[in-house]
Amino acid sequence: QVQLVESGGGLVQPGGSLRLSCAVSGLTFRWYVMSWYRQAPGKERELVAGITDTGGSTNYADSVKGRFTISRDNALNTVYLQMNSLSPEDTAMYYCNARMVRSTTNYWGRGTQVTVSS
């Protein structure tokens, strides 16, 4: 059974930082491109950041470039999202996604809530 379990969300003040983690089980982690998405109330889910199966390449939404960093540990089957200089516009439910390389097979976690407010 494939499981993606996000953690690390919470309430943080503007300018603060959070580190999200997504622990993955039930699949061969190194075969999967990993991504973080987010969805704010009333808005569509959007891609925040992605990292290739080897970790050799990353991509980011323009809105988070220079503030967020995605990384992965293939030995621990975990992907991370370091979020710095958070603003209220970053408030959303953050989801982890695993997509098999050269395939449409993909899996989602249940999300972790990030709220940026003073």
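This text goes with the structure placed above it.
Thresholds, definitions, all that
- Numbers given for residues are sequential positions, taken from 1 along each chain in its written order.
- Given that the model is predicted, a residue must reach a pLDDT of at least 70 before its local features are reported, and side-chain atom pairs must reach 80 or more before they are shown or counted; all residues, however, enter totals for whole chains, interfaces and linings.
- Think of the side-chain values as coming from all heavy atoms in the structure, minus any hydrogens and water.
- The rule for a salt bridge is simple: a side-chain nitrogen of Lys or Arg has to be within 4 Å of a carboxyl oxygen of Asp or Glu.
- For every residue, the accessible area (1.4 Å probe, protein chains only) is compared with the maximum for its type, and the residue is labelled buried under 20%, exposed over 50%, or partly exposed between those bounds.
- By convention, a stacked pair of Phe, Tyr or Trp rings (six-membered ring in the case of Trp) has centres within 6.5 Å and planes under 30 degrees apart, an edge-to-face pair has planes over 60 apart, and any other such pair is tilted.
- Under the DSSP-based scheme used, a helix requires at least four consecutive residues in state H or I and a strand at least two consecutive residues in state E, with every element numbered from the N terminus.
- Remark: a charge is flagged as sitting over a ring if the NZ atom of Lys or the CZ atom of Arg is within 6 Å of the ring centre and within 35 degrees of the ring normal.
- The rule for a disulfide is simple: a pair of cysteine sulfur atoms within 2.5 Å.

## A short note on the pattern of salt bridges
Moving on, step 1. If you walk through the whole model with that rule in mind, you get four salt bridges.
Moving on, step 2. Of the charged contacts, one joins Asp62 and Lys65 as a salt bridge, the two residues approaching to 3.1 Å between their closest N and O atoms. For the pair formed by Asp62 and Lys65, the shared burial category is exposed.
Moving on, step 3. Members of the salt-bridge network, linked through shared partners, are Arg38, Glu46, Arg67 and Asp90.

## Regarding the packing of aromatic side chains
Moving on, step 1. If you walk through the whole model with that rule in mind, you get two aromatic pairs.
Moving on, step 2. Ring geometry for Tyr32 and Tyr107: centres 6.3 Å apart, planes at 50°, overall tilted. Residue Tyr32 is found in strand β4 (residues 32-39), and its partner Tyr107 is found in strand β10 (residues 106-108); the two are separated by 75 residues along the sequence.
Moving on, step 3. Relative accessible area serves as the criterion here: at 3%, Tyr32 is assigned to the buried category.
Moving on, step 4. Above the ring of Tyr95, the side-chain terminus of Arg45 is found at 3.8 Å from the ring centroid.
Moving on, step 5. We note Arg45 situated over the ring of Trp108; from NZ or CZ to the ring centre the distance is 4.6 Å.

## Some details on the state of the cysteines
Moving on, step 1. Here the structure, examined in full by the defined rule, presents one disulfide.
Moving on, step 2. The disulfide partner of Cys22 is Cys96, and the gap between their sulfur atoms is 2.2 Å. Its torsion about the S-S bond being -85°, the disulfide of Cys22 and Cys96 is classed as left-handed. In this pair, Cys22 sits in strand β3 (residues 18-25) while Cys96 sits in strand β9 (residues 92-100), placing the two residues 74 residues apart along the sequence. Considered together, Cys22 and Cys96 belong to a single accessibility category, that of buried residues.

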